[in-house]
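Topology and contacts: notes
Residues per chain are reported as follows:
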Amino acid sequence: MPVTKFTTPEKYKYQNGFHSYHESEAIEGALPIGANSPQKPPYGLYAEKLSGTAFTAPRSENLQTWLYRILPAAAHGPFEPRESITYSTNPGNSSQKIHHIPNQLRWDPFDLDETVDWVHSLRLVAGAGDPAMKSGIGIFIFAAGKDMDPREAFYSADGDFLIVPQHGTLDIQTELGHLLVRPNEIAVIPRGIRYRVALPTGPVRGYILELYQGHFQLPELGPIGSNCLANARDFQAPVAAFNEDTDSTWHLLSKFNGQLFAAKQTHTPFDVVAWHGLYYPFKYDLGRFSTIGSISFDHPDPSIFTVLSAPSDHTGTAIADFVIFPPRWLVAEDTFRPPWYHRNTMSEFMGLIVGDYDAKTGGGFRPAGASLHNVMSAHGPDASTHEKASNTALKPAKVGEGSMAFMFESCLMVGVTEWGLKTCKKAQEDYNSESWEPLKPRFKMPGGIKKDVETGR
Ligand SMILES: O=C(O)Cc1cc(O)ccc1O
Ligand SMILES: [Fe+2]
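What you see is a predicted model; the values in this text were computed from it and never measured. (Residues numbered from 1 in each chain as written. Chains lettered and ligands numbered in written order. Predicted model: local features only at pLDDT ≥ 70, side-chain atom pairs only at ≥ 80, totals over all residues.)

**Brief notes about the overall build of the chain**
For clarity, the threshold we go by: In this description a helix means any DSSP run of H or I spanning at least four residues, a strand means any run of E spanning at least two, and both kinds are numbered starting from the N terminus. Radius of gyration here uses only the C-alpha atoms, and the compact-globule reference equals 2.2 Å multiplied by the residue count raised to the power 0.38. Residues are treated as contacting if the C-beta atoms built from their backbones sit within 7 Å of each other.
Each helix and strand in the chain was counted, giving three helices and 29 strands. In terms of overall dimensions, the chain is globule-like: its C-alpha atoms have a radius of gyration of 24 Å, near the 23 Å expected for 457 residues. If one aligns the C-alpha atoms of the chain with their principal axes, the spans along those axes are about 90 × 50 × 40 Å. Within the chain, contacts between residues separated by at least 24 positions form 79% of all contacts whose residues are at least 6 apart in sequence.

Structure below.
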């Protein structure tokens, strides 16, 4: 059976391509021709530039978009702090304690929460760095049951949101157009883009990686060649869509250095009639990922499953990789097929959207749960998986049928928040004792000779 791929409902239109220069106009003629900022843009629109990289960033990295809108984004009152006691999501400077601990951690499925909207659903579980320094990442769990107020829009000044829904549908109205995002799809909303989230099918839950530095790219393919993994044409950006509403009260919410602020304005933020550029939100259907693997022997590094990568300044070392484990065939001969036991200089935060993960068949890693194997924290298959995989007949086998696990892998050591470790009450106490402590020594000296425990001879 091929992997499931989504179709696009009528209401939503997209333009295809990763890092493609897109342009879109909701009214014909709204985009100025041959100029970005004419004296009088078409139809009395204001021209506004949105910069996602420094003006002077190299061309290959430069991300900017021109917006043609009814009123500029600046037309709002002053920001006031909101919920400053309770809303604190900066891993470098949070009101909650951040724990840097070498323990392997695993969480039971996080609860749905029907009482909150998108903005208030964001729970920092782990992170590194500081958005004020534009360095590091934040890892969030979201669980919401309410639409955002019809006259509210939100943006994060802190970083790009990589959103991984696990349950329910997100209807995301952005300044640049609409995105419908369902489990097994992902969305990226870049820093600063204003949006509103509605929940057309009820409660939602999932994971977010916020990237405080740089932007996501497609990984290099090296000897793989010019195709496979996530193909550029399968990334979808919205088309321009606008409302005309210039006399009602709106609240603009800003996540700025992990704190929440609100400003009033008397017009809709969703008034962009046309846009062109490289800085835009996008979505991707994980069912379109063309997975590759070994067709001879041994278990390759999971980097072959990288969907998106946010590089550090050091080539090949990511601030964050987004890696998935889709359904796939395993055919390797004379091979222990699950992941090897390992310790990694990178930290590995994993989540499960649906199904089972083949490295953990012992039952404790469930959809909507998570695990964290921090820098050099030893991990690998649990004892029951090891037992099965060491003895199974090595026929071609499909793993992960109907399943999708993922990993946020980062070169940074991540701290776990007080919420993640204690308040959420989901951290498992028996992770080690269930997974690896039951492993038995299997070592046999050749010829059945026994070493003397005392002398070692
Ligand atoms: O730890 C994990 O389960 C993730 C993982 C999977 C894999 O196939 C190889 C290495 C790795 O870290
Ligand atoms: Fe790992």
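**A closer look at the sheet that holds strand S9 (residues 135-144)**
By definition, the strands of a sheet pair up through backbone hydrogen bonds, in either a parallel or an antiparallel sense. This is how the line gets drawn: In this analysis, strands are considered paired if DSSP registers two or more bridges between them.
If you walk across this open sheet you meet the 10 strands as S1-S17-S21-S14-S11-S16-S9-S8-S29-S6, and the pairing is antiparallel. Edge positions in the sheet fall to strand S1 (14-16) and strand S6 (98-99), since each of these pairs with one other strand and no more. Of the pairings in the sheet, the one linking strand S8 (residues 122-130) to S9 comprises eight bridges and is antiparallel in character. Looking at the pairing, Gly129 lines up with Gly136 of S9.

**Quick look at the nonpolar core**
Rule in force here: As used throughout, a nonpolar core is a set of buried Ala, Val, Leu, Ile, Met, Phe, Trp, Tyr and Cys residues joined through C-beta atoms within 7 Å of each other. Field definition: a residue is buried when 20 or more other C-beta atoms are found within 10 Å of its C-beta, exposed when 12 or fewer are, and partly exposed for counts in between, with C-beta atoms placed from the backbone. Note that the domain bounds reflect an automated or database-derived domain assignment.
Among the nonpolar cores identified, the biggest contains 106 residues, and Leu162 and Phe406 are the most heavily contacted of them. Two domains each put at least three residues into this core: domain 1 (14-286) and domain 2 (290-429). In contact with Phe406, other than residues within four places in its own chain, are Val164, Phe322, Val323, Ile324, Phe325, Met350, Gly351 and Ile353.

**Observations concerning the UniProt feature "domain: Homogentisate 1,2-dioxygenase N-terminal" (unreviewed entry) in the chain**
Short version of the rule: UniProt positions are given in the numbering used here, feature names are shortened, and annotations may be inferred rather than shown by experiment.
Per the UniProt annotation, the sites labelled "domain: Homogentisate 1,2-dioxygenase N-terminal" (unreviewed entry) are residues 13-286. As annotated, residues 13-286 comprises 0% helix and 42% strand, and the C-alpha atoms at either end are separated by 18 Å.

**Remarks on the UniProt feature "active site" (unreviewed entry) in the chain**
Residues given the UniProt feature "active site" (unreviewed entry) here are His299. Here His299 lies in the loop between strand S21 (282-285) and strand S22 (306-311).

**Comments concerning the pairing of S22**
Counted residue by residue, S22 has six buried out of six residues, so it is predominantly covered. In this structure, S22 lies alongside strand S23 (residues 318-325), joined through five bridges in antiparallel fashion. Opposite Ser309, over in S23, you have Asp321 as the bridge partner. In this antiparallel pair of consecutive strands, S22 and S23, the connection spans six residues, and Gly316 shows a positive phi of 85°.

**A few points about the environment of Asn227**
With respect to the helices and strands, Asn227 occurs in the loop between strand S16 (204-211) and strand S17 (235-238). Under the C-beta neighbour-count criterion, Asn227 is labelled exposed, with 9 such atoms within 10 Å. Distance in space between the C-alpha atoms of Asn227 and Glu152 is 41 Å, their sequence separation being 75 residues.

**Some points on the environment of His373**
Its place among the elements puts His373 in strand S26 (residues 370-373). Those residues in contact with His373 that sit more than four places away from it in its chain are Gln104, Glu348 and His379.

**Looking at the environment of Lys398**
You can see Lys398 is positioned in strand S27 (residues 397-399). Distance in space between the C-alpha atoms of Lys398 and Phe161 is 32 Å, their sequence separation being 237 residues. Among all residues touching Lys398, those that are not within four sequence positions of it are Pro327 and Trp329.

**Side note on the confidence of the model for the chain**
Note the threshold: Confidence of the predictor in every single residue is expressed as pLDDT, which spans 0 to 100.
On average, the chain scores 95 in pLDDT, and the residues at 70 or more come to 99%. Confidence metrics for the complex model read pTM 0.97 and ipTM 0.99.

**Details of unusual backbone geometry**
A positive phi angle, near 55°, is found at Tyr43, a position not held by glycine. Mapping Tyr43 onto the fold places it in the loop between strand S2 (22-25) and strand S3 (46-51). Using a count of 12 C-beta atoms within 10 Å as the deciding quantity, one classes Tyr43 as exposed. A positive phi angle, near 55°, is found at Leu229, a position not held by glycine. Summarising the element assignment, Leu229 is placed in the loop between S16 and S17. C-beta crowding within 10 Å serves as the criterion here: with 19 such atoms nearby, Leu229 is assigned to the partly exposed category.

**Considering the domain arrangement of the chain**
As a reminder of what qualifies: Under the scheme applied here, ten amino acids are nonpolar (Ala, Val, Leu, Ile, Met, Phe, Trp, Tyr, Cys and Pro), four are charged (Asp, Glu, Lys and Arg), and all others, including Gly, are polar.
The domains assigned to the chain are domain 1 (14-286) and domain 2 (290-429). The gap between the C-alpha centroids of domain 1 and domain 2 is 27 Å. On the domain 2 side, the residues contacting the 50 residues of domain 1 number 48 residues. Breaking the side of domain 1 that touches domain 2 down by element, the ones donating at least two residues are S6, strand S7 (105-107), S8, S9, strand S11 (160-167) and S16. Here the side of domain 1 that touches domain 2 is composed, by residue class, of 29 nonpolar, 16 polar and five charged.

**Here we look at the pairing of S16**
The element S16 is largely enclosed, with a buried count of eight among its eight residues. Neither face of S16 is exposed, since Val204, Gly206, Ile208 and Glu210 on one face and Arg205, Tyr207, Leu209 and Leu211 on the opposite face are all buried. The pairing of S9 with S16 spans eight bridges and is classified as antiparallel. Within S16, the position partnered with Gly138 by the bridge is Glu210. Two strands pair when backbone bridges link them, and S11 and S16 are joined in this way by seven bridges, in the antiparallel orientation. Paired with Ile163 across the bridge in S16 is Ile208.

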